[in-house]
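# Structural overview
So the chains spell out like this:
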Amino acid sequence: MEILHNFSLKNYNTFGIEAKANQFVAVHNVTELRTILEENKSQRKFILGGGSNMLLTKDIVALVIHVDLKGKKIIKENEDFVWVESQAGENWHEFVLWTIDQNFGGLENMSLIPGNVGTTPVQNIGAYGTEIKDTFDSCEAIKIENQEIKTFTKNECHFGYRESIFKNEAKDQYIITSVVFKLTKRHHKINISYGDISGELAKNNITNPSLKEVSNAVIAIRKSKLPDPKELGNSGSFFKNPILLKTDFDKIHQKFPQMKFYDISETEVKVPAGWLIEQAGFKGKRFGDAGIHKNQALVLVNYGNATGKEILDVSKKIQDTIYKSFGIHIEAEVNVI
C-alpha cells in the first residue's frame, strides 16, 4: 500500500472537480484498512467511497483513504428471503443489477443511483418510493479510533429521510466495510406507486412487471432526466425535498395553490424541491461552467471547469431565492467539503 502525495481527486468525484489530496491511499480489504488506520493514528483522515455525494470546494489536507473493498455473497437464505452481503467498494448500480439477475427483489427502484454500496446506509439513499432502510439488515464498520469492528443493526442505524447515525452521533467515527441486505426470493413487493414508473411501464404495455422491467423503467426515467456523470459532472439530486409541518404548509399553500406536495404523515408534508427551483426560474440556467440541468432542476452540473466554490455559490443563490419567494428553506443533500 503506497501513500501517494499531492494526488488529483478529479477522477474520484462525480462532479469532476479538480482538487488535490496531500496524501492518498487505496485499501482493498479490511486488513489493509486496519493497517493504514493503525499506522496513521495521529493523521487527520478523509474517507472516500464512490465520490458521488460530495462537492469538493478545496484541496483536502488529510490522508484520503479510498475504500475499494470488493466482493458479494449470499450469507443465508430460506424459501422467501435471501441475505446478501456486499463489500463497501462495490458499485451500487452494478450490485442492484446483480441482485435482479438472481431474481432477488427489493432494490430495483434504486437502479442507476451513482456511488458505492458502503455509502448507501450513510445517506439512507432512496428513489421512487423505496429507501435503503426497507431492505437493510445490518452493516459492519471499523471504528477509526481503535480499529474495532462493530455490526450495526437496522435499529442502531437510526434511519431517517437521507439521515442515519453515520451522519449524526457516529459521524466521522466509523468506516463501513460491508452491508447486508434482506431481499425477497418470491412474492416480490413490486412498487410502482410513483407515477413516472407506472407511466413508463404503460408506454411499453407492461401491466404485470417483473423486477427487471421495473428496473428498466427506472433506468429509462433516470436517463431521460439525469445526466451521466461520465459525460457531465454532477452528483445527482443536490437538494433534499423539504418536509414541512402541515400547519406551516397550509399557510404557504394558500399563497401558492399550484404548489405540488405529498402527504407523508398526519402532520407533515413533503414539497418537491425540483418544482420550487423550476418555479424560481433556475432550470437550465448556467453561471459560467456551473449550472442547473435543463431536464432536472434538482441537479447541479459542472459543464467543464467549474470549481467547487462556483457550484456552491449557485446552490446558495438557489436557496436564497427559494426562501425569499416561498418562505421555504431547502437543504443540500450533497456533502460540501
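For the structure itself, look to the data block above.
So, here is what we can say about the structure in this document. Because the structure is a prediction, the values reported are computed rather than measured. (Residues numbered from 1 in each chain as written. Predicted model: local features only at pLDDT ≥ 70, side-chain atom pairs only at ≥ 80, totals over all residues. Heavy atoms only, no water.)

### A short note on the overall build of the protein chain
For the protein chain, the count of helices and strands is eight helices and 20 strands. By the compact-globule yardstick of 20 Å for 337 residues, the protein chain fits well, its C-alpha radius of gyration being 20 Å. Seen through its principal axes, the protein chain has C-alpha atoms that stretch 60 × 55 × 35 Å. Taking all 337 residues of the protein chain together, the buried fraction comes to 49%. Restricting to contacts in the protein chain with at least 6 residues of sequence separation, those with at least 24 account for 61%. Taken as a whole, the protein chain presents about 16,200 Å² of accessible surface, with 46% of it coming from carbon and sulfur. Taken together, the 42 basic and 42 acidic charged side chains of the protein chain have centroids lying 4 Å from each other. (Helix = DSSP H or I, 4+ residues; strand = E, 2+ residues; numbered from the N terminus. Rg over C-alpha atoms; globule rule 2.2 N^0.38 Å. Buried < 20%, exposed > 50% of the residue type's maximum accessible area, 1.4 Å probe, protein only. Contact = heavy atoms within 4.5 Å. Areas by Shrake-Rupley, 256 points an atom, 1.4 Å probe, with all protein chains shown as cover. Lys, Arg positive; Asp, Glu negative; His and termini not counted. Charge placed at Lys NZ, Arg CZ, Asp CG, Glu CD.)

### A word on helix α8 (residues 308-326)
The α-helix advances 3.6 residues per turn, and as a result positions three or four apart in sequence lie on the same side. Here α8 spans 27 Å end to end across 19 residues, near enough to the 27 Å set by a 1.5 Å rise per residue. Within α8, burial applies to G308, I311, L312, V314, S315, I318, Q319, I322 and F326. Angular distribution of buried residues about the axis of α8 spans 160 degrees; they occupy a single face of the element. Just downstream of α8 lies G327, where phi reads positive at about 70 degrees. (Expected span 1.5 Å × (residues − 1). Arc of directions from axis to C-beta.)

### Quick look at the environment of E213
Note on placement: E213 falls in helix α5 (residues 211-225). Residues E213 and I100, spaced 113 residues apart in sequence, show a C-alpha to C-alpha distance of 10.0 Å. Excluding residues that lie within four positions of it along the chain, E213 makes contacts with L201, I206 and N208.

### Observations regarding the side chain of H66
Residue position: H66 is located in strand β5 (residues 60-67). A distance of 3.3 Å separates a polar atom in the side chain of H66 from the backbone oxygen of L48. Dropping the residues within four chain positions of it, H66 is found in contact with Y12, F24, V25, A26, V27, L48 and G49. (Polar contact = N/O pair within 3.5 Å; in protein donor to acceptor, adjacent residues only side chain to side chain.)

### Quick look at the nonpolar core
In this structure, M259 and I318 are the most contacted members of the largest nonpolar core, which totals 44 residues. If you list the elements that add at least two residues to this core, you get β2 (20-27), β3 (45-48), β4 (54-55), β5, α6 (246-255), α7 (273-279), β18 (290-292) and α8. It is α8 that contributes the most residues to this core, six residues altogether. Sequence-distant contacts of I318, that is, excluding residues within four places in its chain, are made with F239, I277, F282, I292, L300 and I330. In terms of nonpolar packing, the next biggest core, distinct from the first, is built from 36 residues, A141, C157, L201 and V214 among them. (Core = buried A, V, L, I, M, F, W, Y, C linked by side-chain atoms within 4.5 Å.)

### Quick notes on the side chain of K270
Relative to the helices and strands, K270 resides in strand β16 (residues 268-270). Among buried Asp, Glu, Lys and Arg side chains, K270 stands out as unpaired, with E131 the closest opposite charge at 6.0 Å. (Salt bridge = Lys/Arg side-chain N within 4 Å of Asp/Glu carboxyl O.)

### Notes on the packing of aromatic side chains
Throughout the structure, instances matching the rule amount to 17 aromatic pairs. Pairing W275 with F326 gives two aromatic rings, centres 6.1 Å apart and planes at 50 degrees, and the pair type is tilted. Of this pair, W275 sits in helix α7 while F326 is found in helix α8, placing the two residues 51 residues apart along the sequence. By the burial criterion, W275 is buried, and F326 matches it. Pairwise contacts between aromatic rings join W92, F95, W98, F104 and F181 into one cluster. In this arrangement the basic side chain of K285 is found over the ring face of F282, its NZ or CZ atom lying 5.8 Å from the centre. (Phe/Tyr/Trp six-rings, centres within 6.5 Å; stacked < 30°, edge-to-face > 60°. Lys NZ or Arg CZ within 6 Å of the ring centre and 35° of its normal.)

### Re unusual backbone geometry
The phi angle at D172 is positive, at roughly 65 degrees, despite the residue not being glycine. Within the secondary structure, D172 sits in the loop between β11 (149-153) and β12 (174-184).

### Points about a positive patch on the surface
Residues K76, K154, K182 and K189 make up a contiguous surface patch of positive charge. Looking at the secondary structure, you find K76 in strand β6 (residues 72-77). Under the relative-accessibility criterion, K76 is labelled partly exposed at 47%. (Patch = residues over 30% accessible without salt bridge, like charges linked within 9 Å, V, L, I, M, F, W, Y side chains within 5 Å.)

### Describing the state of the cysteines
Counted according to the given criterion, the structure contains zero disulfides. In this structure C139 is a free cysteine whose sulfur lies 4.5 Å from that of C157, the closest cysteine sulfur available. (Disulfide = S-S within 2.5 Å.)

So far we have only geometry, and geometry alone does not tell us how the molecule works.
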